[in-house]
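One letter stands for each residue in the lines below.
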Amino acid sequence: MSRDLIGFRVVAVHAHPDDEALFTGGALSSLARRGADVLVVTCTLGEEGEVIGERYQHLVNDHADQLGGFRIHELNEALGFLGVRGEFLGGAGKYRDSGMAGSPASKNPKAFVNSGERAVDDVVAVFERERPHLVITYDPNGGYGHPDHIRAHEITHAAAKQVDIPRILWSARLRSELEAMIADQTPATWTRPEPGELDAVDTVDTWVELDDTTYAAKTAAMRAHATQIWIADGSVSNTNPHAAFATAPDPTVVTYALSNLIAQPILRREHYCVGAGLPLEHGADITSGIPR
Ligand SMILES: [Zn+2]
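Residues numbered from 1 in each chain as written. Predicted model: local features only at pLDDT ≥ 70, side-chain atom pairs only at ≥ 80, totals over all residues. Heavy atoms only, no water.

An unreviewed UniProt entry annotates the protein chain as 1D-myo-inositol 2-acetamido-2-deoxy-alpha-D-glucopyranoside deacetylase originating from Corynebacterium meitnerae. Taken from UniProt, the Sequence similarities (unreviewed entry) comment for the protein chain reads in full: "Belongs to the MshB deacetylase family." (UniProt positions renumbered as here; feature names shortened; annotations may be inferred.)

This is the structure in structure tokens:
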């Protein structure tokens, strides 16, 4: 892979540890391998998450409430696999995971959904310091409707009104490619999604092809978030010592599940839409047309 992006700066704004790998791990790894300076800004510690595997079950919010600290460790490991830098918005622990829509966690004054202008100012500070050529975040629905993802979208776009950003990309999954790669065999305790059940879009502007090295980096980064993601490739970890196996129509496609145990494919492409700034020709490189 050529080092054609030395001097090119990228910032990805994500809601929780694991989103950087799930949504954008392929693009971030690929950009970094091409020489770009890539920073992942994570807005919360993911304190309201559930936990896969028995070993760390009691870390959750209504017991030890230590999951956020644990997920810092998982995130750091994932960022290492992707070869990128990371920081928490405003410093680790400033904004708390708001939980799923309507959950009591959203009433916490520290919840990210209640961050107001403070969070916008924090993103402005990152943008002023980093001067990114390219920013990556979610669409207005946050990809799948999580309030913290929607908030990450809002503050990114609000900050971009104060600091010029050449292009903002929204991560997406193209429904046709997603549904073609749903596993045909899944572990007994997992479920196959119904058509239309997984969040996806019907059109995208472009995509990043994940070569074998990039695909492996993304999969390893996802695996590092073992309290959140279970990879059905037979691997085990200290957090989740249970091996799971799945097969997809493309034998090189790996299947994973979140704590809801719905089988999902790790696609060989990551899809993107232009959210603001310079347009892209359909299928063009995500960095194309940005003055350096
Ligand atoms: Zn998330």
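On we go.
So, on to the UniProt feature "binding site: Zn(2+)" (unreviewed entry) in the protein chain. Mapped onto the present numbering, the UniProt feature "binding site: Zn(2+)" (unreviewed entry) falls on His16, Asp19 and His149. Across 134 residues of sequence, these annotated residues stay compact in space, with a maximum C-alpha separation of 9.3 Å. Following the sequence through the fold, His16 ends up in the loop between strand 1 (9-14) and helix 1 (19-33). Each residue touching His16, except ones within four places of it in the same chain, is listed here: Thr42, Thr44, Gly46, Arg71, Asp97, His146, Asp148 and His149. Tracing the backbone through its elements, the reader meets His149 in helix 4 (residues 147-160). Contacts of His149, omitting those with residues within four sequence positions, involve Ala15, His16, Asp19, Phe23, Tyr138, Gly142 and Tyr144. (Helix = DSSP H or I, 4+ residues; strand = E, 2+ residues; numbered from the N terminus. Contact = heavy atoms within 4.5 Å.)

For the rest of this paragraph, the subject is the packing of helix 1 against helix 2 (residues 67-82). Relative to each other, helix 1 and helix 2 sit at 35°, their axes nearing to 9 Å. From helix 1, Glu20, Gly25, Leu28, Ser29 and Ala32 reach across to helix 2, where they touch Leu75, Ala78, Leu79 and Leu82. For the contact of helix 1 with helix 2, the class distribution of residues is six nonpolar, two polar and one charged. (Axes fitted to C-alpha atoms, helices over the stretch in contact; angles between N-to-C directions. Nonpolar A, V, L, I, M, F, W, Y, C, P; charged D, E, K, R; others polar.)

Although it is not a glycine, Asp65 adopts a positive phi angle of roughly 50°. Within the secondary structure, Asp65 is located in the loop between strand 2 (37-42) and helix 2. A relative accessible area of 33% places Asp65 in the partly exposed class. At Arg131, a residue that is not glycine, the phi angle is positive and equals roughly 45°. Mapped onto the fold, Arg131 is located in the loop between helix 3 (116-130) and strand 4 (134-137). (Buried < 20%, exposed > 50% of the residue type's maximum accessible area, 1.4 Å probe, protein only.)

Another point: the sheet that holds strand 2. Taken together, seven strands build an open sheet; the order of strands is 3-2-1-4-5-10-6 and the sheet is mixed. Of all the strands in the sheet, just strand 3 (85-88) and strand 6 (206-209) have a single pairing partner and so form its edges. Averaged over all neighbouring strand pairs, the angle between strand axes comes to 30°, with direction disregarded. (Pairing = 2+ DSSP bridges.)

So, on to the environment of Ala183. Structurally, the position occupied by Ala183 is in the loop between helix 5 (175-180) and strand 6. With a relative accessible area of 1%, Ala183 lands in the buried category. Note: C-alpha distance between Ala183 and Gln264 (81 residues apart in sequence) is 7.2 Å. Those residues in contact with Ala183 that lie beyond four places of it in its chain are Arg192, Ala246, Thr247, Ala248 and Thr255.

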